[in-house]
Amino acid sequence: QIPAGDQPLRGRLRRHPKLMPSNRLEHEKSPYLLQHSHNPVDWYAWGEEAFAKARAENKPIFLSIGYSTCHWCHVMERESFESDRIAALLNRDYVSIKVDREERPDVDRIYMTFVQATSGSGGWPMSVWLTPELQPFYGGTYFPPENRYGHPGFASILTQIADAWHNSRERIEESARDVIAQLEQHAAVEPGYGPVDRDLLEHGYLMFRRTFDTQLGGFGGAPKFPRATVFNFLLRYWDRTRDREALDMTLLTLREMAKGGMHDQLGGGFHRYSVDERWFVPHFEKMLYDQAQLAVSYLEAFQITGESQYAETARSTLDYVLRDMTSPEGGFYSAEDADSVIDPEEPSVKGEGAFYIWTAEEIRDLLGEPLAAWFGFRYGVADGGNVAHDPQQEFAGRNILYQAVTVEDTAQQFGRPVEEVREGLERACRILLDARAKRVRPHLDDKILTCWNGLMISAFALAGGVLNEPRYAAAARRAAEFLLARLYQPETGVLLRRYRQGDAAIPGFLDDYALFVQALVDLYEQQFDRRHLEIALRLTDAQRQRFEDPANGGFFSSAEGDSTLVMRLKEDYDGAEPSGNSVAAMNLLRLAEFTNRGDLREAAHRTVRAFASRLSAAPAALPQMLCACERMVAGMSQIVVAGEAAAPATQELLRAVHARFLPNTTVMLVDSPETRDFFAAGAPSIGAMAPVDGHAAAYVCRNYTCQLPVATAAELEKLL
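Remember, predicted model here, so these are calculated numbers, not experimental data.

Q: Break down the overall build of the chain for me, with residues and values.
A: Within the chain one finds 27 helices and 20 strands. Reported as C-alpha extents along the three principal axes, the dimensions of the chain are approximately 85 × 70 × 45 Å. The buried share among the 720 residues of the chain stands at 59%. Pairs at least 24 residues apart make up 68% of the contacts formed inside the chain by residues separated by at least 6 positions. Surface summary for the chain: the accessible area is close to 28700 Å², and the carbon and sulfur share equals 49%. Here the chain contributes 76 positive and 100 negative side-chain charges, whose respective centroids are spaced 1 Å apart.

Q: Provide a residue-level description of the sheet that holds strand β3 (residues 95-100), including the pertinent values.
A: Sheet architecture is open: 5 strands sit in the order β1-β3-β2-β4-β5, paired in mixed fashion. Lying at the two open borders of the sheet, with one neighbouring strand each, are β1 (43-45) and β5 (136-140). Between one strand axis and the next, the sheet turns through 30° on average, direction left out of account. Across 6 bridges, the pairing between strand β2 (residues 61-66) and β3 is parallel. What sits directly across from Ile65, in β3, is Val99. In the packing of helix α3 (residues 48-57) onto the sheet, the strands contacted are β1, β2 and β3, and the crossing angle to β3 comes to about 155°.

Q: Describe helix α20 (residues 530-547), with residues and values.
A: One turn of the α-helix equals 3.6 residues, which is why residues spaced by three or four share an orientation. The terminal C-alpha atoms of α20 lie 26 Å apart, and with 18 residues this matches the ideal 26 Å at 1.5 Å per residue to within 8%. Among the residues of α20, His532, Leu533, Ile535, Ala536, Leu537, Leu539, Thr540, Ala542, Gln543, Arg544 and Phe547 are the ones counted as buried. With a side-chain oxygen lying 3.0 Å from the backbone nitrogen of Arg531, the N-terminal cap of α20 falls on Asp529.

Q: Any chance you could break down the environment of Leu495 for me, citing the residues and the numbers?
A: Along the chain, Leu495 falls in strand β15 (residues 494-500). Of the residues examined, Leu495 reaches a relative accessible area of 0% and is grouped as buried. Along the backbone, Leu495 and Phe509 are 14 residues apart, and their C-alpha atoms lie at a distance of 8.5 Å. Residues in contact with Leu495, not counting those within four places in the same chain, are Thr450, Leu487, Tyr488, Pro507, Gly508, Asp512, Tyr513, Phe516 and Leu539.

Q: Pulling in residues and values, what's your account of the pattern of salt bridges?
A: Where side chains of opposite charge bring their charged atoms close, a pairing between them can arise. Taken as a whole and judged by the stated rule, the model has 58 salt bridges. Two residues, Arg544 and Glu548, come together in a salt bridge whose shortest N-O distance is 2.8 Å. Residue Glu548 is classed as buried on the basis of its relative accessible area of 13%. Close ionic contact of Asp549 with Lys570 constitutes a salt bridge, the shortest N to O distance being 2.8 Å. Here Asp549 is found in the loop between α20 and α21 (580-595), whereas its partner Lys570 is found in the loop between α20 and α21, with 21 residues between them in sequence. Residue class for Asp549 comes out buried when judged on its relative accessible area of 11%. Within the structure, one salt-bridge network assembled from shared partners comprises Asp541, Arg544, Glu548, Arg597, Asp599 and Arg606.

Q: I'd love a proper account of empty space enclosed by the protein, names of residues and values included.
A: A probe as big as a water molecule, rolled over the atoms, marks out the empty space that is left. One pass over the structure, following the stated rule, counts 3 cavities of 30 Å³ or more. Approximately 690 Å³ is the volume found for the largest cavity. A class-by-class count of the residues in the lining of the largest cavity yields 14 nonpolar, 11 polar and 7 charged. Within this model, the second largest cavity holds a volume of roughly 70 Å³. A breakdown of the residues in the lining of the second largest cavity according to their chemical character gives 6 nonpolar, 4 polar and 2 charged.

Q: How would you summarise the environment of Gly598 if you had to cite specific residues and measurements?
A: Tracing the chain through its elements places Gly598 in helix α22 (residues 598-610). Along the backbone, Gly598 and Arg210 are 388 residues apart, and their C-alpha atoms lie at a distance of 38 Å.

Q: I'd like to hear about the pairing of strand β16 (residues 503-507), residue by residue, with values.
A: Bridge count for β15 against β16 is 4 bridges, and the pairing is antiparallel. Bridge pairing in β16 links Leu496 to Pro507. Counting the residues in the hairpin turn of β15 and β16 gives 2 residues, including Gln501, whose phi is positive at 50°.

Q: Could you give an account of the layout of surface pockets, naming the residues involved and the relevant values?
A: When its volume is computed, the second largest pocket comes out at roughly 1000 Å³. Lining the second largest pocket we find 33 residues, and of these Gln265, Glu312, Arg378, Tyr379 and Gln403 sit closest to its centre. For the lining of the second largest pocket, the secondary-structure elements that each account for two or more residues are α10 (244-259), α12 (308-324), α15 (407-414) and α16 (418-437). Here the lining of the second largest pocket takes 9 residues from α12, the largest share from any one element. Of the residues contributing to the lining of the second largest pocket, the split by class is 11 nonpolar, 10 polar and 12 charged.

Q: Can you tell me about the state of the cysteines, naming the residues and giving the values?
A: What the rule picks out here adds up to 2 disulfides. The disulfide that involves Cys70 links it to Cys73, with 2.3 Å between the sulfurs. One quick way to see it: the torsion about the S-S bond of Cys70 and Cys73 is about 80°, and its sign makes the bridge right-handed. Residue Cys70 shares its accessibility class with Cys73, and that shared class is buried. Linked covalently through their sulfurs, Cys701 and Cys706 form a disulfide whose S-S length is 2.0 Å. Across the disulfide from Cys701 to Cys706, rotation about the S-S bond amounts to roughly 100°, and the bridge is consequently right-handed. For Cys701, a relative accessible area of 3% gives the class buried. Cysteine Cys627 is unpaired, with the sulfur of Cys629 as its nearest cysteine sulfur at 9.0 Å.

Q: Outline the packing of helix α9 (residues 228-241) against α10, supporting the account with residue identities and numerical values.
A: Between α9 and α10, whose axes approach to 7 Å, the crossing angle comes to 145°. Taken as a pair, α9 and α10 cross one another with a handedness that is left-handed. Residues Phe231, Leu234, Leu235, Tyr237 and Trp238 of α9 pack against Arg244, Ala246, Leu247, Met249, Thr250, Thr253, Leu254 and Met257 of α10. A class-by-class count of the residues in the contact of α9 with α10 yields 10 nonpolar, 2 polar and 1 charged.

Q: Give a detailed account of the confidence of the model for the chain, specifying residues and quantitative values.
A: Here the chain shows a mean pLDDT of 94. Residues at 70 or above account for 96%. Counting interchain partners and residues more than four positions distant, the pLDDT-below-50 stretch residues 1-7 has 14 contacts.

Q: Can you tell me about the packing of aromatic side chains, naming the residues and giving the values?
A: Within the structure shown, the criterion is met by 38 aromatic pairs. Note on Tyr289 and Trp452: the rings are 4.8 Å apart at their centroids and 75° apart in plane angle, and the pair reads as edge-to-face. On the criterion of sequence distance, the pair formed by Tyr289 in helix α11 (residues 288-305) and Trp452 in helix α17 (residues 450-466) is long-range, its members being 163 residues apart. Relative accessible area serves as the criterion here: at 1%, Trp452 is assigned to the buried category. Summarising the aromatic geometry, the rings of Tyr524 and Phe528 are spaced 5.2 Å apart at their centres and angled 80° between planes, so their arrangement reads as edge-to-face. Put simply, the rings of Trp43, Phe62, Phe81, Trp129, Tyr138, Phe143 and Phe154 pair up and form one aromatic cluster. The ring of Trp358 has Arg439 lying over it, and the distance from NZ or CZ to the ring centre is 4.0 Å.

Thresholds applied
- Residues numbered from 1 in each chain as written.
- Predicted model: local features only at pLDDT ≥ 70, side-chain atom pairs only at ≥ 80, totals over all residues.
- Heavy atoms only, no water.
- Helix = DSSP H or I, 4+ residues; strand = E, 2+ residues; numbered from the N terminus.
- Buried < 20%, exposed > 50% of the residue type's maximum accessible area, 1.4 Å probe, protein only.
- Contact = heavy atoms within 4.5 Å.
- Areas by Shrake-Rupley, 256 points an atom, 1.4 Å probe, with all protein chains shown as cover.
- Lys, Arg positive; Asp, Glu negative; His and termini not counted.
- Charge placed at Lys NZ, Arg CZ, Asp CG, Glu CD.
- Pairing = 2+ DSSP bridges.
- Axes fitted to C-alpha atoms, helices over the stretch in contact; angles between N-to-C directions.
- Expected span 1.5 Å × (residues − 1).
- Polar contact = N/O pair within 3.5 Å; in protein donor to acceptor, adjacent residues only side chain to side chain.
- Salt bridge = Lys/Arg side-chain N within 4 Å of Asp/Glu carboxyl O.
- 1 Å grid on protein atoms, 1.4 Å probe; cavity = no way out; pocket = protein on both sides within 12 Å on 5 of 7 lines; lining within 4 Å.
- Points joined across faces, edges and corners; volume = space filled by probe spheres on them.
- Nonpolar A, V, L, I, M, F, W, Y, C, P; charged D, E, K, R; others polar.
- Disulfide = S-S within 2.5 Å.
- Left-handed = near helix turned anticlockwise from the far one by under 90°.
- pLDDT = per-residue confidence, 0-100.
- Phe/Tyr/Trp six-rings, centres within 6.5 Å; stacked < 30°, edge-to-face > 60°.
- Lys NZ or Arg CZ within 6 Å of the ring centre and 35° of its normal.

And the structure:
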């Protein structure tokens with residue numbers, strides 16, 4: 001037993017969790033829930049055991065939602081959930097439930113909708129008070145333990161809500177029922193009938209243009225987020241219109257992000273966002289979904305421009321994922337924390353970005369001269385630290401590495417040949433990366449999520465083709481086969497969401513199905529294993545059965561029949577991750593082009609119509625849905641290559657295709673009679689497409705009209 005209020009003892013014991021008393025969360029698989037398994041709070045996981053206790057004891061529920069790499073979740077845990085005094089309040093007056101938002105996005109979306117509607121903002125940790133019937137009546141995000149700056153502290157709120165529950169329970173329950181009714185009305189998506197045309201896409205483009213930072217890239221002011229779905233739309237808009245400004249906005253943003261501290265200059269990969277307008281000071285968390293989507297953006301920029309800087313950034317990002325975020329079984333881990341140990345002698349004391357930042361003295365000791373001078377000039381290292389305004393003093397005396405000047409500028413500054421300086425800087429980066437690897441790494445959230453793995457498979461598949469890199473192609477294929485073996489139940493069509501330490505669990509949500517289908521289609525168009533396309537079709541049929549709203553169009557985020565959810569939502573916002581509806585609309589269009597299935601095409605159009613009013617009023621909220629609209633407006637475009645898959649002539653034609661940015665083109669390989677029959681079932685004309693004089697040939701078709709076949713890459717490039 002820990003004496004009441006003995007926080008120093010509790011802090012010391014946290015270094016040795018096995019010595020700490022544990023609660024029922026110790027039996028969970030979620031890294032986030034396990035982080036709270038030694039709190040004095042009597043936590044429950046989301047489930048009937050907790051709900052039954054709340055009903056039996058007539059207690060309100062305190063629901064806390066977060067994720068394992070969330071900085072402010074860690075702060076609230078240290079301040080409140082490790083406090084014996086606050087735990088006593090929670091344990092006496094409430095049934096306390098912990099939810100990992102990455103495992104249960106359905107629960108998170110419902111209560112985040114409530115918190116945003118009632119408080120005007122949202123975020124994590126999310127704190128919500130519910131009736132025993134799971135209806136919310138009060139909520140917010142982070143609460144400090146005590147009253148501060150005129151705002152009530154967590155302990156005070158707990159006491160006030162408990163008093164109100166005892167004295168005015170009927171009024172609270174009535175209010176909660178009204179809130180749910182209003183939220184259901186607000187969330188209802190009625191189909192619209194506005195045209196999906198060039199004017200809609202122009203409206204979306206102009207909204208991004210108005211908020212674009214012409215000097216530093218990005219949209220809006222600080223903090224700046226790397227919202228890759230915006231790049232997806234702008235590049236597809238440019239491809240159709242050839243409006244140079246849409247391309248330039250994307251390229252400038254990608255260059256500035258790659259130069260800044262938000263980009264890990266030593267280890268590759270991107271941090272979550274920049275707290276300033278120039279991409280310099282990041283929030284140091286690293287999320288798998290950012291690595292995946294940004295790698296695709298840099299690869300597409302490379303396809304368009306041919307400039308190596310974009311390919312290099314994509315490579316360093318993908319190499320980081322292979323090195324630090326890939327499981328031995330081939331799946332990809334979820335995230336790395338922003339906080340890390342400052343001093344190995346005090347492992348319980350952590351700081352934001354401690355793993356990534358340097359003193360000038362450390363760099364000089366490791367590199368010596370002239371490398372230290374070259375490196376410091378190139379990456380903006382200052383003796384007193386390079387963060388000018390640091391009110392928390394987290395970065396005091398330390399440096400965030402960023403590309404202050406070019407390699408050429410560095411060579412000129414020191415009067416040395418460019419290649420000599422380039423080689424020296426590369427050597428310096430390797431030395432510092434090796435030294436950094438000896439530090440205590442940030443916490444790794446090692447759960448494997450189907451949806452985020454889908455994004456990463458798409459990135460590796462594209463990189464394998466664009467960069468002609470077998471390592472990346474193999475990583476995509478291996479991860480896909482891992483998910484199919486561990487998280488897909490073909491006999492029922494069920495796709496599971498989460499895998500960790502041998503345990504696969506949680507029926508998948510819309511984004512799991514949609515993003516894994518997208519990954520399988522992307523993998524097919526790069527590697528041409530017909531089995532991946534066939535599974536994508538089966539999963540799409542299962543997705544429609546579980547989530548589609550056939551009357552009004554679009555897809556619910558969760559399946560019907562879960563009594564623990566007080567409402568079903570249709571997610572449409574393309575934020576840090578693309579929404580399941582936006583991805584599903586594009587998948588349906590692409591699969592319709594492979595199969596000529598009218599039901600898939602109509603489902604895609606119904607999905608877009610379901611969000612027509614939102615697209616018209618706020619297109620910038622749905623850039624990934626705008627990508628599907630771009631495909632509708634662009635019309636059907638197909639490339640069919642006929643030839644043996646491994647033959648050099650076939651590979652030459654495919655490399656010509658993969659080198660180009662062809663976002664609205666379907667690519668098929670006819671390499672066997674079975675494959676020809678598969679495609680010809682939907683498009684009989686493909687049955688006649690064959691090699692020419694025994695040599696691989698490419699057929700370029702647009703809106704069901706095909707050019708004469710060509711047999712060389714040069715001829716194909718002319719047609720493209």
